[in-house]
Amino acid sequence: MFDNAKMLWIVIKRLRFDRMLLIFIIVYCIISLIIYFVEPGINNVGDAFWYTFVACTSIGFGDVVVTTVAARILTVIITVYELAMVALFSGVIVSFYLELVRRKEDGTMANLVYKLEHLTELSTKELKEIEDKAKMFAKKR
């Protein structure tokens, strides 16, 4: 479990998604604060952050509705930005799973190559395992 979390973090760093996420959080906070100042219907910063969250997640409870043009434009911007972040995050997850599969295959292949290099040292059981893997591989082709 810890290894998978560590690998996910490596994939996130390699794809620079950590930076994109940090920028998104900063933009989210700035837009929330601007909406708080320009929208008369939002009475506190918490409500501004709540409204921005609801707009980003496309939930749209309707408990807070903006009426000014500036707040509406900012709502559109943050919503489109959030949709792009979700799409990018989907790519991160796919990359993570591809990396898991690649590492598993590399481990299996490295183990097989090692055993092939040391055939004379293998037990009967290990030789049987190699034979079974070879037969399984032949069936897949």
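(A) Broad picture of the overall build of the protein chain. For the protein chain, the count of helices and strands is 5 helices and 0 strands. Secondary structure elements of the protein chain, listed N to C terminal, follow the sequence α-α-α-α-α. Computed over C-alpha atoms, the radius of gyration of the protein chain comes to 26 Å, more than 25% over the 14 Å expected from 2.2 N^0.38 for 141 residues, which places it beyond the range of a compact globule. Projected onto its principal axes, the C-alpha coordinates of the protein chain cover approximately 80 × 25 × 20 Å. Counting only residues that meet the buried cut, the protein chain has 23% of its 141 residues in that class. Long-range pairs, those at least 24 residues apart, make up 59% of the contacts in the protein chain with a sequence separation of at least 6. Within the structure as shown, the protein chain displays about 10100 Å² of accessible surface, and the carbon and sulfur contribution to it stands at 68%.

(B) Looking closely at the layout of surface pockets. The volume enclosed by the largest pocket comes to roughly 370 Å³. Glu 105, Thr 108, Met 109, Leu 112, Ile 130, Lys 133, Ala 134, Met 136, Phe 137 and Lys 140 together form the lining of the largest pocket. Of all the secondary-structure elements, those providing two or more residues to the lining of the largest pocket are helix 4 (69-117) and helix 5 (124-140). Ranked by residue count, the leading element in the lining of the largest pocket is helix 5, at 6 residues. By residue class, the composition of the lining of the largest pocket is 6 nonpolar, 1 polar and 3 charged.

(C) Structural detail: a nonpolar patch on the surface. Together, Leu 22, Ile 26, Ile 30, Leu 33, Ile 34, Phe 37, Val 38 and Val 45 make up an exposed nonpolar region whose accessible area comes to about 690 Å². When residues of the nonpolar patch are assigned to their parent elements, the largest contribution, 7 residues, is made by helix 2 (residues 17-38). Turning to its location among the elements, Val 45 is positioned in helix 3 (residues 45-56). A residue is classified by how much of its surface remains accessible, and Val 45, at 33% relative accessible area, is partly exposed.

Here is what the cut-offs are and how they apply
Residues numbered from 1 in each chain as written. Predicted model: local features only at pLDDT ≥ 70, side-chain atom pairs only at ≥ 80, totals over all residues. Heavy atoms only, no water. Helix = DSSP H or I, 4+ residues; strand = E, 2+ residues; numbered from the N terminus. Rg over C-alpha atoms; globule rule 2.2 N^0.38 Å. Buried < 20%, exposed > 50% of the residue type's maximum accessible area, 1.4 Å probe, protein only. Contact = heavy atoms within 4.5 Å. Areas by Shrake-Rupley, 256 points an atom, 1.4 Å probe, with all protein chains shown as cover. 1 Å grid on protein atoms, 1.4 Å probe; cavity = no way out; pocket = protein on both sides within 12 Å on 5 of 7 lines; lining within 4 Å. Points joined across faces, edges and corners; volume = space filled by probe spheres on them. Nonpolar A, V, L, I, M, F, W, Y, C, P; charged D, E, K, R; others polar. Patch = residues over 30% accessible without salt bridge, like charges linked within 9 Å, V, L, I, M, F, W, Y side chains within 5 Å. Salt bridge = Lys/Arg side-chain N within 4 Å of Asp/Glu carboxyl O.

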